[in-house]
Amino acid sequence: MISEENNTIPSINGLVLAGGKSRRMGTPKDLLNWHGKEQRYFAADLLAPFCEEVFISCRQDQLKDFDPDYHALTDTFLNMGPFGGILSALRSQRDKAWLVVACDLPLLDKKSLEFLISSRDDKKAATTYESPFDGLPEPLITIWEPKSYPLLLNFLGTGNTCPRKVLINSDTLILKPRNPDALMNVNTPEDAEKAQNILKK
């Protein structure tokens, strides 16, 4: 199914990026329990209604405690952080678009995903949100279209493994978030405390 030939819109798979080392947090972010289950599984469940299949991007050593009810996708591009996870997903199913979210977004909600998907422009390389924190595109809540795969490979070829730079330098649809809190990355214990207070409200 090549979208250009028969004009069908590529269907969407989901990808939860959970392979980080969580050095700043000091404890694995994908295992934090914000909503009654490990965050990697909560995020996968959040994506499920919008996606054909959902995968959790992780390292080989994370598979030993992995819930068999979920699909793991280990990186084929190693030691590149989120960039490697996104590339590995696009390579694994070349005709699919991938809705990618990081596992450190405990405030991400259904409405933010709905808005992203309903605003999606499959003619562009990606559809993403503008980060309310620095005004730049947020690569870790993004729909990456199949055509973004060669673009990512080109950046990799120049030694650049920053997914944000790919979005800035490609034909990307950038949306203003209706709920800026939903895009809050929790990287440190201080961030976690802040998120916890917002969740309590």
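Predicted, not measured: the structure shown is a model, and the values here were computed from it.

(A) Main features of the nonpolar core. Membership of the largest hydrophobic core comes to 52 residues, with the highest contact counts inside it found for Val101 and Trp144. Setting aside its immediate chain neighbours within four residues, Val101 contacts Leu15, Val16, Leu17, Ala43, Leu47, Leu108, Leu113, Leu140 and Ile141.

(B) Representation of the pairing of strand β1 (residues 12-17). Counting buried residues in β1 gives six out of six residues, a clear majority hidden from the surface. The alternating pattern of β1 places Ile12, Gly14 and Val16 and Asn13, Leu15 and Leu17 on opposite faces, both of which are buried. Taken together, the six bridges between β1 and strand β4 (residues 97-102) define a ladder with parallel strand orientation. When the bridges of β4 are listed, Ile12 appears paired with Ala97. Bridge analysis of β1 against strand β2 (residues 54-58) gives four bridges, and the strand direction is parallel. When the bridges of β2 are listed, Leu15 appears paired with Phe55.

(C) Looking closely at the UniProt feature "binding site: GTP" (unreviewed entry) in the chain. Following the UniProt record, the feature "binding site: GTP" (unreviewed entry) maps to Leu17, Ala18, Gly19, Lys29, Asp75 and Asp104 here. Secondary-structure assignment places Ala18 in the loop between β1 and α2 (39-47). In this view, Ala18 contacts Asp30, Arg40, Ile56, Ser57, Gln62 and Cys103; residues no more than four positions away in its chain are not counted. Mapping Lys29 onto the fold places it in the loop between β1 and α2.

(D) Summary view of the packing of aromatic side chains. With the rule as written, the count across this model stands at four aromatic pairs. When the centroid spacing of 5.9 Å and the interplanar angle of 75° are considered together, the rings of Tyr41 and Phe66 count as edge-to-face. Placement of the pair is Tyr41 in helix α2 and Phe66 in the loop between β2 and β3 (71-74), with a sequence separation of 25 residues. A relative accessible area of 13% means that Phe66 is categorised as buried.

(E) Up close: the UniProt feature "binding site: Mg(2+)" (unreviewed entry) in the chain. Under the local residue numbering, the UniProt record ascribes the feature "binding site: Mg(2+)" (unreviewed entry) to Asp104. Structurally, Asp104 is set in the loop between β4 and α4 (110-118). Accessibility expressed as a relative area gives 8% for Asp104, which makes it buried. Once residues lying within four places of it in the same chain are set aside, the contact partners of Asp104 are Lys29, Met184, Asn185, Val186 and Asn187. In terms of polar contacts, Asp104 uses its side chain to reach the side chain of Asn185, at 3.0 Å.

Definitions and limits used
- Residues numbered from 1 in each chain as written.
- Predicted model: local features only at pLDDT ≥ 70, side-chain atom pairs only at ≥ 80, totals over all residues.
- Heavy atoms only, no water.
- Core = buried A, V, L, I, M, F, W, Y, C linked by side-chain atoms within 4.5 Å.
- Buried < 20%, exposed > 50% of the residue type's maximum accessible area, 1.4 Å probe, protein only.
- Contact = heavy atoms within 4.5 Å.
- Helix = DSSP H or I, 4+ residues; strand = E, 2+ residues; numbered from the N terminus.
- Pairing = 2+ DSSP bridges.
- UniProt positions renumbered as here; feature names shortened; annotations may be inferred.
- Phe/Tyr/Trp six-rings, centres within 6.5 Å; stacked < 30°, edge-to-face > 60°.
- Polar contact = N/O pair within 3.5 Å; in protein donor to acceptor, adjacent residues only side chain to side chain.

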